[in-house]
Number of protein chains: 2
Amino acid sequence: MSESPSPSTLAELVQWGQNHYRDRRFNKEEPIPTRPGLLYFAHEGVVRLTSRRANPSESEVNSQTSTLLGLIGVERPFEILSQQLFVMETHAHVDQTAVVWFYWNEITQWPTLHLMIIEIFRRQHQFQLSWLSLLGQKNTIERLLSFLALLMTEYGEPIEKGYCLPYALTHAQIGQAISSTRVTITRLMVKLRQKEIVWLKDDLLCLDRRSFQQFRPFKPL
Amino acid sequence: MSESPSPSTLAELVQWGQNHYRDRRFNKEEPIPTRPGLLYFAHEGVVRLTSRRANPSESEVNSQTSTLLGLIGVERPFEILSQQLFVMETHAHVDQTAVVWFYWNEITQWPTLHLMIIEIFRRQHQFQLSWLSLLGQKNTIERLLSFLALLMTEYGEPIEKGYCLPYALTHAQIGQAISSTRVTITRLMVKLRQKEIVWLKDDLLCLDRRSFQQFRPFKPL
């Protein structure tokens, strides 16, 4: 194992993980093995975080779906909670998703990085508060529009007429994020496309600037 | 203004705020004035964090409800996001709720405390992931039981037969937390009381140990 100096940036942290053989690459939809107590870090691609019931009742076993908890992009940490009623799972959301991992006691010996990483968790906490707020809306169309605006705040790439997501998202996955179903999301998306509020560009979902500004749950800090 | 040494514990931080006249006390249901960019800290009582639509549509203006985002107990920090589609609000959930506040650049000059505070935000992020997971359940009774178990994990005081919350929570507030209504929560609570899964002790809600273990979303770290 090569001796490597203490990392002090996120890029050096990824390099440190690679030098210590803590780097693995996944294809789209491949499960990413994780366990509680470790800290994970995607340095390429996108990780999808979901939860599902650990022991679904008999009536649910065939209809069981996961809940989408987050899409974790490059330079963002994630960790897994210990299984109880729910199991938390991670999948590569796109091809060539690369993940490094660390023990927390490795991270805490590098104070600058430790601070940097838990500051990102503070921002993710704010993101989750926005998510909880938008879930409180009774109309599915409003939950849908503010969920899309929230995703664009965090991940959207600006274009002339609005913002586009850098990765695909299925109607089923959107439904799993906002307590709805694939069928309902598909029906609402047809309406929104007719009104040119959303559209596809190379299979990626885009949202017009005006709806982004109107439905964004909170202004970013 | 008295000279005070740099605080290095949460108790000393509260003392520092008090020495700098940053301390205010609120009665039950009194709004707590907050603004984005500051860090708040309850040192007595409980703060209730909610969000509501900033500009409800005409059809909603009479039926508008808030969404419950959190109940913040002693020694836990909170902050407010900038208004957009939603407004975030804070109220004293119980009498004698006392809050101190700080500017972030005050906190960052005390590295030990800074780390301590954002570590609590990391734990709150995990709490929110549990909350999002339980909201994904289709049956309201399951959302209700796992929400109660989640609250007990964080705030519950152990008794022989289970756990009790240290503060009251109305059926309307529970409904606002799990996308349901006061009427539905009241109906389900009657059922749960008949089965002795929940009961009241001095007006405080208690949950039996077995349901706590069964419906707890995740094991705490």
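Bear in mind that the values here come from a model prediction, so they are computed numbers and not experimental data. (Residues numbered from 1 in each chain as written. Chains lettered and ligands numbered in written order. Predicted model: local features only at pLDDT ≥ 70, side-chain atom pairs only at ≥ 80, totals over all residues. Heavy atoms only, no water.)

**Concerning the pattern of salt bridges**
Link 1 in the chain: Taken as a whole and assessed by the stated rule, the structure comprises 20 salt bridges over all chains.
Link 2 in the chain: Measuring nitrogen to oxygen at the nearest pair gives 2.8 Å for the salt bridge that ties glutamate 79 of chain B to arginine 122 of chain A. Separated into two different chains, glutamate 79 of chain B in the loop between strand 5 (76-78) and strand 6 (82-83) and arginine 122 of chain A in helix 3 (residues 111-135) make up a pair that spans both.
Link 3 in the chain: A relative accessible area of 7% places glutamate 79 of chain B in the buried class.
Link 4 in the chain: For arginine 122 of chain A, a relative accessible area of 10% gives the class buried.
Link 5 in the chain: Salt-bridge contacts for glutamate 89 of chain B lead to arginine 52 of chain B; the nearest nitrogen and oxygen are separated by 3.0 Å. Linking glutamate 89 of chain B in strand 7 (residues 86-92) with arginine 52 of chain B in strand 3 (residues 47-53), this pair joins segments that are 37 residues apart in sequence.
Link 6 in the chain: Take arginine 52 of chain B: its relative accessible area is 27%, and that puts it in the partly exposed class. (Salt bridge = Lys/Arg side-chain N within 4 Å of Asp/Glu carboxyl O. Helix = DSSP H or I, 4+ residues; strand = E, 2+ residues; numbered from the N terminus. Buried < 20%, exposed > 50% of the residue type's maximum accessible area, 1.4 Å probe, protein only.)

**Overview of the pairing of strand 7 of chain B**
A regular strand places its side chains on the two faces of the sheet in alternate fashion.
Residues and elements named next belong to chain B.
Link 1 in the chain: Across the 7 residues of strand 7, 6 count as buried, placing the element largely inside the fold.
Link 2 in the chain: One ladder, built from 7 bridges, connects strand 3 with strand 7; its direction is antiparallel. For leucine 49, the partnering residue across the bridge sits in strand 7 and is threonine 90. (Pairing = 2+ DSSP bridges.)

**Quick notes on unusual backbone geometry**
Link 1 in the chain: Residue glutamine 96 of chain A is not a glycine yet carries a positive backbone phi of 60 degrees.
Link 2 in the chain: When you line up the elements, glutamine 96 of chain A lands in the loop between strand 7 (86-92) and strand 8 (97-103).
Link 3 in the chain: Using a relative accessible area of 42% as the deciding quantity, one classes glutamine 96 of chain A as partly exposed.
Link 4 in the chain: Residue glutamate 75 of chain B is not a glycine yet carries a positive backbone phi of 65 degrees.
Link 5 in the chain: Considering the arrangement of structural elements, one finds glutamate 75 of chain B in the loop between strand 4 (67-72) and strand 5.
Link 6 in the chain: A residue is classified by how much of its surface remains accessible, and glutamate 75 of chain B, at 39% relative accessible area, is partly exposed.

**Side note on the interface of chain A and chain B**
Interfaces are often sized by the accessible area lost when the parts come together.
Link 1 in the chain: Counting residues at the interface gives 49 residues for chain A and 49 residues for chain B.
Link 2 in the chain: Interface of chain A and chain B: buried area, both sides summed, is about 4,600 Å²; carbon and sulfur atoms make up 62% of it.
Link 3 in the chain: Among the residues of chain A in contact with chain B, Gln84, Leu132 and Phe218 of chain A are the three that bury the most area, contributing 15% of the side total.
Link 4 in the chain: Our count for the contact surface shared by chain A and chain B stands at 24 residue pairs in polar contact (both at pLDDT 80 or more).
Link 5 in the chain: When contributions to the side of chain A that touches chain B are tallied by element, the ones reaching two or more residues are strand 3 (47-53), strand 4 (67-72), strand 6 (82-83), strand 7, helix 3, helix 4 (140-155), helix 7 (209-215) and strand 13 (218-219) of chain A.
Link 6 in the chain: For the side of chain A that touches chain B, the leading source of residues is helix 3 of chain A, giving 17 residues.
Link 7 in the chain: Partitioning the side of chain A that touches chain B into residue classes produces 21 nonpolar, 19 polar and 9 charged. (Contact = heavy atoms within 4.5 Å. Buried area = accessible area lost by both parts, 1.4 Å probe. Polar contact = N/O pair within 3.5 Å; in protein donor to acceptor, adjacent residues only side chain to side chain. Nonpolar A, V, L, I, M, F, W, Y, C, P; charged D, E, K, R; others polar.)

**Description of the environment of valine 14 of chain B**
All names here are of chain B.
Link 1 in the chain: Looking at where valine 14 falls in the secondary structure, it is placed in helix 1 (residues 10-19).
Link 2 in the chain: Measuring from C-alpha to C-alpha, the distance between valine 14 and leucine 145 comes to 35 Å, with 131 residues separating the pair along the chain.
Link 3 in the chain: Once residues within four sequence positions are removed from consideration, valine 14 is found in contact with Phe41, His43 and Val100.

**Let's talk about the relation of the copies chain A and chain B**
Link 1 in the chain: With an RMSD of 0.0 Å, chain A superimposes on chain B once it is rotated by 180 degrees and translated 0.0 Å along the axis. Both chain copies can therefore be described as sitting about a two-fold axis. When C-alpha distances to the rotation axis are compared across chain A, the minimum falls at histidine 125 of chain A, with a value of 2.2 Å.
Link 2 in the chain: Comparing interface residues between copies, 100% of those in chain A also lie at the interface in chain B; the contact surface is shared. (Least-squares fit on C-alpha atoms with pLDDT ≥ 70 in both.)

**What to know about the state of the cysteines**
All names here are of chain A.
Link 1 in the chain: Considering all chains together, one arrives at 2 disulfides over all chains under this definition.
Link 2 in the chain: The disulfide bridge from cysteine 164 ends at cysteine 206, spanning 2.1 Å between sulfur atoms. For the disulfide bridge between cysteine 164 and cysteine 206, the dihedral angle about the S-S bond is near 100 degrees, and by the sign convention the bridge is right-handed. Of this pair, cysteine 164 sits in strand 10 (residues 162-164) while cysteine 206 sits in strand 12 (residues 204-208), placing them 42 residues apart in sequence. (Disulfide = S-S within 2.5 Å.)

**Some remarks on the packing of aromatic side chains**
Link 1 in the chain: Tallied over the entire structure, the rule returns 17 aromatic pairs over all chains.
Link 2 in the chain: Ring geometry for tyrosine 40 of chain A against phenylalanine 78 of chain A: centres 5.5 Å apart, planes inclined by 20 degrees, an arrangement best described as stacked. Remark: phenylalanine 78 of chain A occurs in strand 5 (residues 76-78) and tyrosine 40 of chain A occurs in strand 2 (residues 38-44); sequence separation between them is 38 residues.
Link 3 in the chain: Members of the aromatic cluster, joined through ring pairs, are Trp16, Phe102 and Trp110 of chain A.
Link 4 in the chain: Arginine 122 of chain A extends its terminal NZ or CZ atom over the ring of tryptophan 104 of chain B, reaching a point 3.9 Å from the ring centre.
Link 5 in the chain: Positioned over the ring face of tryptophan 199 of chain A is lysine 161 of chain A, at 4.5 Å from the centre of the ring. (Phe/Tyr/Trp six-rings, centres within 6.5 Å; stacked < 30°, edge-to-face > 60°. Lys NZ or Arg CZ within 6 Å of the ring centre and 35° of its normal.)

**Some points on the sheet that holds strand 9 (residues 157-159) of chain B**
Residues and elements named next belong to chain B.
Link 1 in the chain: Reading across the sheet, the 4 strands line up as 9-10-12-11 and stay open at both edges, with antiparallel pairing between neighbours. Where the open sheet ends on each side, the last strands, each with one partner, are strand 9 and strand 11 (198-201). Across this sheet, the average inter-strand angle for adjacent strands is 35 degrees, counted without regard to direction. (Axes fitted to C-alpha atoms, helices over the stretch in contact; angles between N-to-C directions.)

**Points about the nonpolar core**
Across soluble globular proteins, you tend to see nonpolar side chains buried next to one another.
Link 1 in the chain: Counting residues in each nonpolar core, the largest one holds 106 residues, and the members touching the most others are Phe147 and Ile174 of chain A together with Phe147 and Ile174 of chain B.
Link 2 in the chain: For phenylalanine 147 of chain A, the contacting residues outside a window of four places in its chain are Leu68, Trp131, Leu134, Leu169, Ile174, Ala177 and Ile178 of chain A.
Link 3 in the chain: The next biggest cluster of nonpolar side chains, apart from the first, holds 32 residues, and it includes Val14 and Leu113 of chain A together with Trp16 and Val100 of chain B. (Core = buried A, V, L, I, M, F, W, Y, C linked by side-chain atoms within 4.5 Å.)

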